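A look at the structure
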Amino acid sequence: MATPKELRAQGATPMVEMTDISIAFGGVKAVDQVSVDLHPGEVVGLLGHNGAGKSTLIKVLSGAYQMDSGEIRINGDKVEITNPRDARSHNIETIYQTLALADNLDAASNLFLGREITTPMGLVNDAAMEAECRKIMGRLNPNFRKFSEPVSALSGGQRQSVAIARAVYFNAKILIMDEPTAALGPHETQMVAELIQQLKAQGIGIFLIDHDVHAVMELCDRASVMKNGQLVGTVDIEDVTDDDLLSMIILGKNPAGVAA
Ligand SMILES: Nc1ncnc2c1ncn2[C@@H]1O[C@H](COP(=O)(O)OP(=O)(O)OP(=O)(O)O)[C@@H](O)[C@H]1O
Ligand SMILES: [Mg+2]
């Protein structure tokens, strides 16, 4: 399988192309003519200060917000994404900043929340859901044991793995992760990093919003930096240092000698 870098060098069609995306709230341009793209197996980091427009940009892709102008192409085809269902129909799944898990339900119920497996009689088939849940968790997070407890009893990393399992189970090809490690300790963050590597190896493309420049350097192939709703630039992680990324975030311009 070609690496994301080789795909880009070959001029392969990206799996996601967001072009000249703009969206304003009242008078505020939250996202102003931003273009980003994503290839299979690639992790593209989105960086920028609070309020830079990162979450708003990805909410346009996940169908939570509607853009005022711009274009989205999936595998080269122009698409209309006007709600989360449209996004899902293009195999786009989102893991939000605050995890949308139902605290009082167990892992299997959360995995299938809103998309339950039912018996021919139309009843929720708990046994089948737990069996499926054990299968996918066995693959993603083999140490996971807490199948019958409510997810409120899980650690942050375990909760994150349930959310990732949900996306993968429902065939995500394009995954949006908005600060997946924001509330996690170092060990848990490492676990999520390993999950991201696994998803990458399966050819899933990931937009990863993260405040931690170091994490972006470690996990991402490219980084797109935003400031005040605008795109500062997109760089290949191999071409930049932590300091380069920091100066892009703070000064809002590309480091000398690095192509946008
Ligand atoms: N639903 C909304 N209504 C009004 N303004 C909004 C809404 N969503 C976002 N904004 C505004 O859009 C701008 C960009 O916000 P956004 O949440 O995209 O930033 P962000 O880069 O994700 O920041 P953070 O790092 O804090 O999560 C901010 O000025 C924010 O106040
Ligand atoms: Mg945000």
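Structure report, in brief. Not measured: the values here are computed from a predicted model.

**Points about the site of ligand 1**
Taken together, Phe25, Val28, Ala30, Gly48, Asn50, Gly51, Ala52, Gly53, Lys54, Ser55 and Thr56 make up the full set of residues near ligand 1. Listed by contribution, the elements that provide at least two residues to the shell around ligand 1 are strand E2 (28-38) and helix H2 (54-62). Here the shell around ligand 1 takes three residues from H2, the largest share from any one element. Residues that form the shell around ligand 1 fall into these classes: four nonpolar, six polar and one charged.

**Considering the sheet that holds strand E3 (residues 43-47)**
The pairing of strands in a sheet happens through backbone hydrogen bonds and is either parallel or antiparallel. If you trace the six strands from one edge of the open sheet to the other, you get E6-E7-E8-E3-E9-E10, paired in mixed fashion. Every other strand in the sheet has two partners, leaving strand E6 (92-95) and strand E10 (230-236) as the edge strands with one partner each. With strand direction ignored, the average angle separating the axes of adjacent strands in the sheet is 15°. Of the strand pairs in this sheet, strand E7 (residues 174-178) and strand E8 (residues 205-209) are connected by five bridges, and their pairing is parallel. From the neighbouring strand, Ile176 faces E8, where its bridge partner is Phe207. With respect to the sheet, helix H7 (residues 186-201) is in contact with E3, E7 and E8, its orientation differing from that of E8 by roughly 150°. With respect to the sheet, helix H9 (residues 242-251) is in contact with E3, strand E9 (222-227) and E10, its orientation differing from that of E9 by roughly 25°.

**Notes on the nonpolar core**
Grouped together as the largest cluster of nonpolar side chains are 72 residues, with contacts concentrated most on Leu61, Leu175, Ile206 and Leu208. Top element by residues in this core is helix H6 (residues 156-169). It accounts for six residues. Shared between two domains, this core holds at least three residues of each, these being domain 1 (4-91 + 173-251) and domain 2 (103-155 + 162-170). With residues up to four places along the chain from it excluded, the contact list for Ile206 reads Val43, Leu175, Met177, Ile196, Leu199 and Lys200.

**Regarding the sheet that holds strand E5 (residues 77-79)**
Overall, antiparallel pairing links the four strands, which are arranged E2-E1-E4-E5 in an open sheet. For this open sheet the edge positions go to E2 and E5, each flanked by a neighbour on one side alone. If you compare each strand with its neighbour and ignore which way they point, the axes differ by 30° on average. Examined bridge by bridge, strand E4 (residues 69-74) and E5 share three bridges and lie antiparallel to one another. Each bridged residue has a counterpart across the sheet, and for Arg73 the counterpart in E5 is Lys78. Contacting strand E1 (16-25), E2 and E4, H2 crosses the sheet at an angle of about 115° to E1.

Conventions and cut-offs
- Along each chain, residue indices are assigned from 1 in the same order as the chain's sequence is written.
- Chains and ligands are labelled sequentially in the order written, the chains with letters from A and the ligands with numbers from 1.
- Owing to the predicted nature of the model, reporting of local features is limited to residues with pLDDT of at least 70; listing and counting of side-chain atom pairs is limited to 80 or more, with chain, interface and lining totals taken over all residues.
- Using a C-beta atom placed from the backbone, a residue is described as near a molecule or strand when that atom lies within 6 Å of it.
- The numbering of helices and of strands both runs from the N terminus, where a helix is a DSSP run of H or I of at least 4 residues and a strand a run of E of at least 2.
- Under the scheme applied, nonpolar residues are Ala, Val, Leu, Ile, Met, Phe, Trp, Tyr, Cys and Pro; charged residues are Asp, Glu, Lys and Arg; polar residues are all the others, including Gly.
- For two strands to pair, DSSP has to find at least two bridges joining them.
- Comment: axis = line fitted to C-alpha atoms, over the contacting stretch for helices; angle = value between 0 and 180 degrees taken between N-to-C directions.
- In this description, any two residues whose backbone-derived C-beta atoms lie within 7 Å of each other are considered to be in contact.
- Take the buried Ala, Val, Leu, Ile, Met, Phe, Trp, Tyr and Cys residues, join any whose C-beta atoms are within 7 Å, and the set you get is a nonpolar core.
- The exposure scheme places C-beta atoms from the backbone and then counts, for each residue, the other C-beta atoms within 10 Å of its own, assigning buried at 20 or more, exposed at 12 or fewer, and partly exposed in between.
- Boundary definitions for the domains trace back to an automatic or database domain assignment.

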